[in-house]
Amino acid sequence: MTTTSRVAQAAPPAGRKNPTPSPAGTSRSKGRIDPTYYWMVVPVLALFAFFITLPALVGVFFSLTNYAGYGDWKFIGLMNYVNIFKDPAVLQSYVFTFVFALTTTVVVNVVALAIALGLNAKIKWRTGIRTVFFIPMVLSALIVSFVFNYLFSNTLPVLAERFGVTPLAASILANENLAWLAIVIVTVWQAAPGATIIYLAGLQSVPSEVYEAADLDGAGSFRQFLSLTLPLIMGYLVINVILGFKGFLGTYEIIVGLTGGGPGMATQSVAMRIFSGFTGGDYSYQMANAVIYFLITLLISVIQLRLIQRRGVSL
């Protein structure tokens, strides 16, 4: 074999380059984490642990004691948890909170979706009307509740008496059977704009060609809504339901401004009852209540996530 043939065999085929050896530290550098990552994550984790995790663990510890929020205390085990399940006032607050959350979630989503459909239509002065609808979203819940308190206690009874509507001639905030409706109305008034924004984003993501094809097939507006709009924005509906239900379970400010938990304890939520322990000498007892409530809300969140995964809804 000649020298030329040996060189030809050793040479790589045309168009292929000789492989270059990777530097010795390349594989090692790929496994390294940039120190900037630690500078960004570690302080956040430390702050979260100090202001959230640590107080929560301290609260769980004191829920096993008879601590009143001041003075001495002693360890009593699960006695607080046992007494909570026997306390009718606590059970009533749970019933009110969950009924209120479920009712308000349904009403908010129905109202918000109806408003979003109207604002997404080709109407005159659409931008200005959207601004008006979104004003309640930026107002303080406590200020809004005080304003509606005056309306329900003064303006509405006067108008009802003038027009002969006897059931509304007295303030509904003083009625044990109707006070919760006032809380629902005010909550819907303030929460609907946030849900409307999410629904508008979903409606604007639906291609217009879908509706054009439906028009050619002769589908009416209601049929298009049921068969096209609602399935295509199902992910946005799920988001609103989850966020809304979670937020309404912790309702506090609007109830404080409207009824203060009254009349009696008819509209006292779980959050109000837990906060009352901070100043009422029931610190350990209400901390046990808070632990139970946390576990319940955690269970609800897990169930919601499992339902989403089963239905295959993409968020």
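Remember, predicted model here, so these are calculated numbers, not experimental data.

K.L.:
Looking at this model, I keep getting lost on the overall build of the chain. Mind explaining?
P.N.:
Across its full length, the chain holds 14 helices and zero strands. In the chain, buried positions account for 33% of the 315 residues. If you take every contact in the chain between residues at least 6 apart in sequence, the share linking residues at least 24 apart comes to 70%.

K.L.:
What is the right way to look at the nonpolar core in this model?
P.N.:
Considering soluble globular proteins, one finds that nonpolar side chains tend to be buried as a cluster. Judged by nonpolar contacts, the single largest core of 47 residues is most densely connected at Phe-152 and Leu-258. Those elements that place two or more of their residues in this core are α4 (79-84), α5 (88-120), α7 (141-162), α8 (179-204), α11 (234-249), α12 (253-258), α13 (270-279) and α14 (283-311). Here this core gets 12 residues from one element, more than from any other, and that element is α5. In this view, Phe-152 contacts Pro-157, Ser-171, Ile-172, Leu-173, Ala-182, Ile-185, Val-186 and Leu-258; residues no more than four positions away in its chain are not counted.

K.L.:
What should I look at first to understand a nonpolar patch on the surface in this one?
P.N.:
On the surface, a nonpolar cluster with roughly 700 Å² of combined accessible area is contributed by Leu-47, Phe-48, Phe-50, Phe-51, Ile-52, Leu-54 and Val-58. Position of Ile-52 among the secondary structure elements: in helix α3 (residues 35-62). Look at Ile-52 and you get partly exposed, because its relative accessible area is 45%.

K.L.:
What is the right way to look at the side chain of Thr-229 in this model?
P.N.:
Secondary-structure assignment places Thr-229 in helix α10 (residues 221-232). Only 2.7 Å separates the side chain of Thr-229 from the side chain of Tyr-211, close enough to count as a polar contact. If we ignore the near neighbours within four places in the chain, the residues touching Thr-229 are Leu-117, Leu-203, Tyr-211 and Gln-224.

K.L.:
What am I meant to see in the packing of aromatic side chains here?
P.N.:
What describes a pair of aromatic rings is the distance from one ring centre to the other and the angle between the planes of the rings. Applying the stated criterion to the full structure yields 14 aromatic pairs. Taken together, a centroid distance of 4.9 Å and an interplanar angle of 50° make the contact between Tyr-252 and Phe-275 tilted. Note that Tyr-252 is positioned in the loop between α11 and α12 and Phe-275 in helix α13, a separation of 23 residues in sequence. By relative accessible area, which is 29% here, Tyr-252 ends up partly exposed. One aromatic cluster is present, formed by Phe-61, Phe-62, Tyr-67, Trp-73 and Tyr-283 through successive ring pairs.

K.L.:
Looking at this model, I keep getting lost on the environment of Val-106. Mind explaining?
P.N.:
With respect to the secondary-structure elements, Val-106 resides in helix α5. Classification of Val-106 as exposed rests on a relative accessible area of 54%. Along the chain, Val-106 and Val-241 lie 135 residues apart, while their C-alpha atoms are 8.0 Å from each other.

K.L.:
I keep staring at the confidence of the model for the chain and nothing clicks. Help me out?
P.N.:
Interpreting fine coordinate detail is not advised for predicted regions of low pLDDT. With 87% of its residues at a pLDDT of at least 70, the chain reaches an overall mean of 84. Between the elements of the chain, mean pLDDT differs from a low of 48, seen in helix α1 (residues 3-10), to a high of 93, seen in α5. Per-residue pLDDT stays below 50 along residues 1-8; that stretch engages in two contacts with residues further than four places along the chain or on separate chains.

K.L.:
What am I meant to see in α7 here?
P.N.:
Each α-helix turn comprises 3.6 residues. Residues three or four places apart therefore point the same way. Relative to the 32 Å expected for 22 residues at 1.5 Å per residue, α7 spans 30 Å between its end C-alpha atoms, a close match to the ideal helical length. Of all bends in α7, the biggest is about 40°, found at Leu-151. All buried positions along α7 are accounted for by Ala-141, Val-144, Ser-145, Phe-148, Asn-149, Phe-152, Pro-157 and Ala-160. Contact partners of the buried residues in α7: α8 and α12. The first or second residue beyond α7 is Gly-164, which carries a positive phi of 75°.

K.L.:
Whenever I open this one, α8 confuses me. Can you help?
P.N.:
End to end, α8 covers 38 Å across 26 residues, agreeing with the expected 38 Å (1.5 Å per residue, within 8%). The principal kink in α8, of about 35°, is found at Ala-191, preceding the proline Pro-193 by one to four residues.

K.L.:
Even after reading the chapter, I still don't get the packing of α8 against α11, so can you show me in this structure?
P.N.:
The description of two packed helices rests on the angle between their axes and on the distance between the axes. At their nearest, the axes of α8 and α11 sit 9 Å apart, and the two run at 155° to each other. Classified by the angle between their axes, α8 and α11 sit roughly antiparallel to one another. In the packing of α8 onto α11, the handedness of the crossing is right-handed. Between α8 and α11, the contacting residues are Thr-187, Ala-191, Ala-195, Ile-198, Tyr-199, Ala-201 and Gly-202 on the first element and Tyr-236, Leu-237, Ile-239, Asn-240, Leu-243 and Phe-248 on the second. Taken together, the residues that form the contact of α8 with α11 break down as 10 nonpolar, three polar and no charged.

What counts, and where the lines are drawn
- Residues numbered from 1 in each chain as written.
- Predicted model: local features only at pLDDT ≥ 70, side-chain atom pairs only at ≥ 80, totals over all residues.
- Heavy atoms only, no water.
- Helix = DSSP H or I, 4+ residues; strand = E, 2+ residues; numbered from the N terminus.
- Buried < 20%, exposed > 50% of the residue type's maximum accessible area, 1.4 Å probe, protein only.
- Contact = heavy atoms within 4.5 Å.
- Core = buried A, V, L, I, M, F, W, Y, C linked by side-chain atoms within 4.5 Å.
- Patch = residues over 30% accessible without salt bridge, like charges linked within 9 Å, V, L, I, M, F, W, Y side chains within 5 Å.
- Areas by Shrake-Rupley, 256 points an atom, 1.4 Å probe, with all protein chains shown as cover.
- Salt bridge = Lys/Arg side-chain N within 4 Å of Asp/Glu carboxyl O.
- Polar contact = N/O pair within 3.5 Å; in protein donor to acceptor, adjacent residues only side chain to side chain.
- Phe/Tyr/Trp six-rings, centres within 6.5 Å; stacked < 30°, edge-to-face > 60°.
- pLDDT = per-residue confidence, 0-100.
- Expected span 1.5 Å × (residues − 1).
- Bend = angle between axes of the 7 residues up to and from the residue.
- Axes fitted to C-alpha atoms, helices over the stretch in contact; angles between N-to-C directions.
- Parallel < 35°, antiparallel > 145°, perpendicular 65-115°, else oblique.
- Left-handed = near helix turned anticlockwise from the far one by under 90°.
- Nonpolar A, V, L, I, M, F, W, Y, C, P; charged D, E, K, R; others polar.

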